[in-house]
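# Coordinates in review
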Amino acid sequence: MARPITMFTGQWADLPLEEICKKVSKWGYDGLELACWGDHFEVDKALESDRYLKDKRALLEKYKLKCWAISTHLVGQCVCDDPIDDRHKGIIPPRIWGDGKPEGVRQRAAEEVKAAAKAAAAFGVKVVNGFTGSKIWAYLAGFPPVPPKMLEDGYKDFADRWNPIIDVFDQVGVKFALEVHPSEIAYDFWTTQKTLDAIKRRPGFGINFDPSHLNWQMLCPVQFVMAFGDRIYHMHVKDSYRNHDGRNGALGSHLPFGDLRRGWDFVSPGHGNIPFERVFRALTAVGYQGPLSVEWEDCGMDREFGASEAVQFVRKTDFEASKVAFDAAFDSKK
């Protein structure tokens, strides 16, 4: 059976959830990955009221949609980040920001991610996607020279903060899936390996696989799947393209998304450099049967046109594997 195709609602948080349900149902999606912001899935309300969860489920059922994952990227970012500043204030609820003192923000963010695990379990969802933040991302450039101990301390800080969070996930039977992404503790192949090792590869902590972030770093998403397939708990279908013409750099030059001078940008699935057919074949090879969740981002395309086109692209590209070997008919005994 082909994998379900969902849409991540994070980039649609300006719209009420019912309006999104109407649209994605019409476009042919099988379900939604609900963002924990906007009115899409509010963790505090989910834990306060069984009626809230029943109403959310009824709304999805009304439009024949399902939910396999919720996502808490924005709050999760604050768990390990250093510094905590106005960027974070702009993306999290006031109750998490509080007085803005960094360690208080981190602690409240950690409690909110634990609460998301409990809310997901109550909603009947087994995966929470998100970010972790990173104490050491600011040291990426390597200058001034970074003592190795500072990097090791960063991974220890991550493990110290996230092990108690994953304890709660284990208790309620839900898994956390980190989106490997620049600005996170894991952003490429080797940092993903180091992150999993730092948390002793405990099963409650895995990966939300998004090839768009690997592509602009010139990493192979197929190799990533083959290396970490057993830890991929969810997937974002998001594309990106590289535009390195001798002037446009891989770091983006502090230019906004959509600026044609950037060395890379996000584009609608099928319009970038990612070989999605090979990626989907690799996911099949490692046994991934979870949802393919379209995270739609493309500054150069109308989002409704793009989202409606994306589901058709994924459905055409993610075909079922053969149940027989093509050369089986050559066997003279048969």
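Residues numbered from 1 in each chain as written. Predicted model: local features only at pLDDT ≥ 70, side-chain atom pairs only at ≥ 80, totals over all residues. Heavy atoms only, no water.

## Brief notes about the pairing of strand β5 (residues 175-179)
Counted only if it meets this: Each residue is placed in one exposure class: buried if its accessible area under a 1.4 Å probe, protein chains only, is under 20% of its type's maximum, exposed if it is over 50%, and partly exposed if it falls in between. Strands here mean DSSP runs of E at least two residues long; helices mean DSSP runs of H or I at least four residues long; both are numbered from the N terminus. Whether two strands pair depends on DSSP finding at least two bridges between them.
Within β5, four of the five residues are buried, which leaves it mostly tucked inside the rest of the structure. Relative to β5, strand β4 (residues 127-130) runs parallel, the two being bridged by four bridges. Note on β5: the bridge partner recorded for Val128 is Phe176. Pairing analysis gives four bridges linking β5 to strand β6 (residues 205-209), with the strands arranged parallel.

## Looking at the layout of surface pockets
Spelled out, the test is: Two kinds of site are reported from a 1 Å grid over the protein atoms alone, namely cavities, where a 1.4 Å probe fits but cannot get out, and pockets, open sets with protein on both sides within 12 Å along at least five of seven lines, and residues are called lining when an atom falls within 4 Å of a point. Grid points are joined across faces, edges and corners, and a volume is the space filled by probe spheres set on the points. Polarity classes work like this: nonpolar for Ala, Val, Leu, Ile, Met, Phe, Trp, Tyr, Cys and Pro, charged for Asp, Glu, Lys and Arg, and polar for all others, with Gly in that last group.
The computed volume of the largest pocket comes to approximately 1400 Å³. Within the lining of the largest pocket, the residues separate by chemical class into 21 nonpolar, twelve polar and ten charged. In this structure, the second largest pocket encloses a volume near 170 Å³. Those elements giving two or more residues to the lining of the second largest pocket turn out to be α2 (43-48) and α4 (73-80). Here the residues of the lining of the second largest pocket are counted per class, giving nine nonpolar, two polar and four charged.

## What about the packing of helix α1 (residues 17-27) against helix α3 (residues 50-62)?
The following threshold applies: As a rule, the C-alpha atoms of each element are fitted with a line to give its axis, helices using only the stretch in contact, and angles between N-to-C directions run from 0 to 180 degrees. Here roughly perpendicular refers to angles of 65 to 115 degrees, roughly parallel to angles under 35, roughly antiparallel to angles over 145, and oblique to all remaining angles. Note on convention: near helix rotated counterclockwise from far helix by under a right angle means a left-handed crossing. Clockwise means right-handed. It only takes one pair of heavy atoms within 4.5 Å for two residues to be counted as in contact.
Where α1 meets α3, the axes come as close as 9 Å, and the angle between the chain directions of the two elements is 25°. Considered as vectors, α1 and α3 are oriented roughly parallel to each other. The crossing of α1 and α3 is right-handed. Along its contact with α1, which presents Leu17, Glu18 and Cys21, the element α3 presents Lys56, Leu59, Leu60 and Lys62. Here the residues of the contact of α1 with α3 are counted per class, giving four nonpolar, no polar and three charged.

## Quick look at α1
Here α1 has its buried residues at Leu17, Ile20, Cys21, Lys23, Val24 and Trp27. If you follow the buried residues of α1, they end up packed against β1 (5-8), β2 (31-35), α3 and α13 (303-317).

## Looking at the pairing of strand β9 (residues 264-267)
Of the two faces of β9, the one carrying Trp264 and Phe266 and the one carrying Asp265 and Val267 are both buried. Alignment of strand β8 (residues 239-242) against β9, held across four bridges, turns out to be antiparallel. Its bridge partner being in β9, Tyr241 is matched across the sheet by Asp265.

## Remarks on the packing of aromatic side chains
The condition is simple: Here the aromatic set is Phe, Tyr and Trp, taking the six-membered ring for Trp, and pairing holds for ring centres within 6.5 Å; pairs whose planes are under 30 degrees apart are stacked, those over 60 apart are edge-to-face, and all others are tilted. Either the NZ atom of lysine or the CZ atom of arginine qualifies as a charge over a ring when it sits within 6 Å of the ring centre and within 35 degrees of the ring normal.
Scanning the model with the defined rule gives 20 aromatic pairs in all. On the basis of an interplanar angle of 70° and a centroid distance of 5.7 Å, the ring pair of Phe257 and Trp264 is categorised as edge-to-face. What makes Phe257 partly exposed here is its relative accessible area of 43%. Measuring from centroid to centroid gives 5.0 Å for Trp264 and Phe266, while their planes differ by 80°, and the two rings are edge-to-face. Judged by its relative accessible area of 6%, Trp264 falls in the buried class. Positioned above the aromatic ring of Phe123, the side-chain terminus of Arg57 is 4.2 Å from the ring centre.

## A few points about the pattern of salt bridges
Selection rule: A pair is scored as a salt bridge if a Lys or Arg side-chain nitrogen falls within 4 Å of a carboxyl oxygen belonging to Asp or Glu.
Tallied over the full model, the rule gives 27 salt bridges. Between Asp85 and Arg87 there is a salt bridge, and its shortest N-O distance comes to 2.8 Å. Using a relative accessible area of 54% as the deciding quantity, one classes Arg87 as exposed. Where salt bridges share partners, they join Asp82, Glu103, Arg106, Asp157 and Arg161 into one cluster.

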